[in-house]
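Residues per chain, in single letters:
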Amino acid sequence: MAGSLKESELSVKIYNKLQALGCPSVEGLFLREADGMKALLCTPSMHRLDILQWICTSICPPMKKRFSELKGPQPDSQIKELVQFCHEMLLCRQDDFDLIKGVSSPQRQLALLEQLVDVLPRDESEAGEPLSEQVCRNEALLKELFSSPHLQTMLHPTCNPWPVEIRELLSRREAAGQSSNTASKKSHNLPSKQREDSLKEVTESLQKTNTALEEIHKECVFLHSDPQSSGRSSTHLSPPALRLAIVDLSQLMTAFSQLYDSDFREYCNRAAPQLRESAEAFSTAHSLLAACTKELQALNQLSVTSLALTSTVEGQQQCRRFWSRGHMQSLPAKIEELKRRYKDFLCIYQRSRERMREESAGEKRDYRRE
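Residues numbered from 1 in each chain as written. Predicted model: local features only at pLDDT ≥ 70, side-chain atom pairs only at ≥ 80, totals over all residues. Heavy atoms only, no water.

## Looking at the overall build of the protein chain
- Per the secondary structure count, the protein chain includes 15 helices and two strands.
- Counting all 370 residues of the protein chain, 17% fall into the buried class.
- In the protein chain, the proportion of contacts linking residues at least 24 apart, taken out of those at least 6 apart, comes to 51%.
- For the protein chain, the accessible surface area stands at approximately 28,800 Å², while carbon and sulfur atoms represent 56% of it. (Helix = DSSP H or I, 4+ residues; strand = E, 2+ residues; numbered from the N terminus. Buried < 20%, exposed > 50% of the residue type's maximum accessible area, 1.4 Å probe, protein only. Contact = heavy atoms within 4.5 Å. Areas by Shrake-Rupley, 256 points an atom, 1.4 Å probe, with all protein chains shown as cover.)

If you want it as structure tokens, here you go:
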């Protein structure tokens, strides 16, 4: 419910911004409800593509020429151009066509539209600035950035962002390099046999380091993946993006260390709290509750098993199948038939026994008379 409310507020915000900026695709639309604005911005339609096209051409005026070269309504070509532009703006992937078509989740679509609308010029002076002046201003900004003394600190942070296992391998490599330099300095004063031994040790260390680096390179799939693969499973990561991620991680770790030194250290250095005698009572109650929970789970499992067994038995009783005489009957009907046949057999057997008794008694009487 909170997610839908947030999406509705974001839809109203983006729609009002588009109207304030004078988007021709929303002029003449008098939408009052948030659901209608959300449907306009997040439902696949040519109207939505026109809105995206206007935003992109307002951000980058040379794109008007590309769209004007398209003959007639060509949604596929229009979508490709929009995806390429958003990918160059680092707002989506190169194959994220569903986001531009309007098939993906409304939250992603609204996030993209909000980022694009925020890039739009706010006043006429900024909108009417010539492209040459924009290029000059961007060049001056880049020149100032690259001449900054903090650039090398950002690109090569002092804090090592590698994991522990890779950090250990790198430290071994540095130690091997230092040992090789030291060995090369001292090799002039050593005999030939010692030089050969030291050379063998350095060679073995270099071979081990190369083997470890090859294993790390095999594990890092993103370093040797195909960047031209257009599938969704492609996880290509360029070295600049990796460097940027490492710099971000280094800055986060630096900020956390400063926050730890200023706020958290006094709480972490406190002594452990003294437990009272009532803690044992809580421990006992916890163990009893845990045992009770296990018993309840066992009873629940028993009831589930009993229900499953009952349903299986009922199914076997209601299921009809062929028996020895070729008649299809259920199990209870077959049992009733066997009971009836058994009763008939007992009746016939008892009658035959009574008849045999009567005949034997009559023969005995005749024998006595004789």
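## Quick word on the nonpolar core
- Counting 33 residues, the largest nonpolar core has I14, L18, L41, I55, I100 and L116 as the members making the most contacts within it.
- Breaking this core down by element, the ones donating at least two residues are α1 (2-21), α2 (34-42), α3 (46-59), α4 (63-69), α5 (75-88), α6 (97-101) and α7 (106-119).
- A per-element tally of this core places α3 first, with seven residues.
- With near-sequence residues (within four places) excluded, I100 lies in contact with R48, L49, L52, I79, L82, V83, C86 and L112. (Core = buried A, V, L, I, M, F, W, Y, C linked by side-chain atoms within 4.5 Å.)

## Considerations on the packing of α2 against α7
- Where α2 meets α7, the axes come as close as 10 Å, and the angle between the chain directions of the two elements is 80°. The orientation of α2 relative to α7 falls into the category roughly perpendicular. Within the contact between the two elements, α2 uses K38, L41 and C42 and α7 uses P106, Q109, L110 and L113. (Axes fitted to C-alpha atoms, helices over the stretch in contact; angles between N-to-C directions. Parallel < 35°, antiparallel > 145°, perpendicular 65-115°, else oblique.)

## Some details on the pattern of salt bridges
- Under the defined criterion, the tally for this structure stands at seven salt bridges.
- As a salt-bridge pair, K13 and E114 come within 3.5 Å of each other at their nearest N and O atoms. Here K13, found in helix α1, pairs with E114, found in helix α7; they are 101 residues apart in sequence, far enough to count as distant.
- The exposure class assigned to E114 is partly exposed, which follows from its relative accessible area of 23%.
- Where R340 meets D344, a salt bridge forms, and the shortest distance between an N and an O atom there is 3.8 Å. (Salt bridge = Lys/Arg side-chain N within 4 Å of Asp/Glu carboxyl O.)

## Side note on unusual backbone geometry
- If you check the backbone angles, L90 has positive phi at about 60° while not being a glycine.
- Looking at the secondary structure, you find L90 in the loop between α5 and α6.

## Some points on the packing of α2 against α3
- For the pair α2 and α3, the least separation of the axes is 7 Å and the interaxial angle reads 75°. On the basis of the axis angle, α2 is roughly perpendicular to α3. Judged by residue contacts, L40, L41 and C42 of α2 engage H47, R48 and I51 from α3.
- Looking at the contact of α2 with α3 residue by residue, the class counts come to four nonpolar, one polar and one charged. (Nonpolar A, V, L, I, M, F, W, Y, C, P; charged D, E, K, R; others polar.)

## Quick notes on a negative patch on the surface
- Negative charge collects at one region of the surface, where E354, E358, E359, E363 and D366 lie side by side.
- Inspection of the secondary structure puts D366 in helix α15 (residues 331-369). (Patch = residues over 30% accessible without salt bridge, like charges linked within 9 Å, V, L, I, M, F, W, Y side chains within 5 Å. Lys, Arg positive; Asp, Glu negative; His and termini not counted. Charge placed at Lys NZ, Arg CZ, Asp CG, Glu CD.)

## Looking at the confidence of the model for the protein chain
- Mean pLDDT for the protein chain: 77, with 77% of residues reaching 70 or above.
- This model gives residues 227-235 a pLDDT under 50, and the stretch forms 10 contacts once residues within four places in sequence are excluded. (pLDDT = per-residue confidence, 0-100.)

## What about a nonpolar patch on the surface?
- Nonpolar side chains collect at one region of the surface, where F256, L259, F264 and Y267 lie side by side and expose about 410 Å² of accessible area between them.
- Structurally, F264 can be placed in helix α13 (residues 239-268).

## Focus on the environment of K80
- One can find K80 in helix α5.
- A sequence separation of 16 residues divides K80 from D96, and the C-alpha atoms of the two residues are 9.7 Å apart.

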